Amino acid sequence: MGDLIRYPVMKTVKDAAAIYGLPPTYIRSLCRTGKVRYVVAGHRWLVNMNSLARYFEAGDPVPAEQDEAVGGIHRVAK
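Below is a short write-up of the structure. (Residues numbered from 1 in each chain as written. Predicted model: local features only at pLDDT ≥ 70, side-chain atom pairs only at ≥ 80, totals over all residues. Heavy atoms only, no water.)

### Describing helix α1 (residues 13-20)
The periodicity of an α-helix, 3.6 residues per turn, causes residues three or four positions apart to be oriented the same way.
Thinking step 1. For α1, the set of buried residues is Val13, Ala16 and Ala17. Down the axis, α1 shows its buried residues gathered within 100 degrees of arc, on one side only. Residues of α1 that are exposed and angled more than 90 degrees away from the buried face: Lys14, Ala18 and Ile19.
Thinking step 2. Tucked into the core, α1 has its buried residues touching β1 (10-12), α2 (24-32), β3 (44-48) and α3 (49-58).
Thinking step 3. After α1 finishes, the residue Gly21 shows a positive phi value of roughly 65 degrees. (Buried < 20%, exposed > 50% of the residue type's maximum accessible area, 1.4 Å probe, protein only. Helix = DSSP H or I, 4+ residues; strand = E, 2+ residues; numbered from the N terminus. Arc of directions from axis to C-beta. Contact = heavy atoms within 4.5 Å.)

Given below as structure tokens:
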């Protein structure tokens, strides 16, 4: 009976973008690619703010191919 249910903090894409000072299209892109958790409620996307905060804390992982970039130029596989 003493179990506490914790619900995630959810915000609209527009609100989440305003909090971080980013364009809403970037937040939607993070959601679409599965980097941030979200749900669709009717016509609104609700972003899990804890997931978004964890993503920004960890940073975007760099793919292995980009580790070898020199001056912004990436090696192309043959």
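Back to the write-up after that little detour.
### Some points on the packing of aromatic side chains
Thinking step 1. Inspection of every chain in the model, using the stated rule, returns three aromatic pairs.
Thinking step 2. Here Tyr20 and Phe56 contribute two aromatic rings whose centre-to-centre distance is 4.8 Å and whose plane-to-plane angle is 50 degrees, an arrangement assigned as tilted. Within this pair, whereas Tyr20 is found in helix α1, its partner Phe56 is found in helix α3, the two being separated by 36 residues in sequence.
Thinking step 3. Here Tyr20 falls in the partly exposed class, since its relative accessible area comes to 35%.
Thinking step 4. An angle of 65 degrees between the planes, with centres 5.5 Å apart, marks the rings of Tyr55 and Phe56 as edge-to-face.
Thinking step 5. Here Tyr55 falls in the buried class, since its relative accessible area comes to 9%.
Thinking step 6. An aromatic cluster of three or more residues is present, and its members are Tyr20, Tyr55 and Phe56. (Phe/Tyr/Trp six-rings, centres within 6.5 Å; stacked < 30°, edge-to-face > 60°.)

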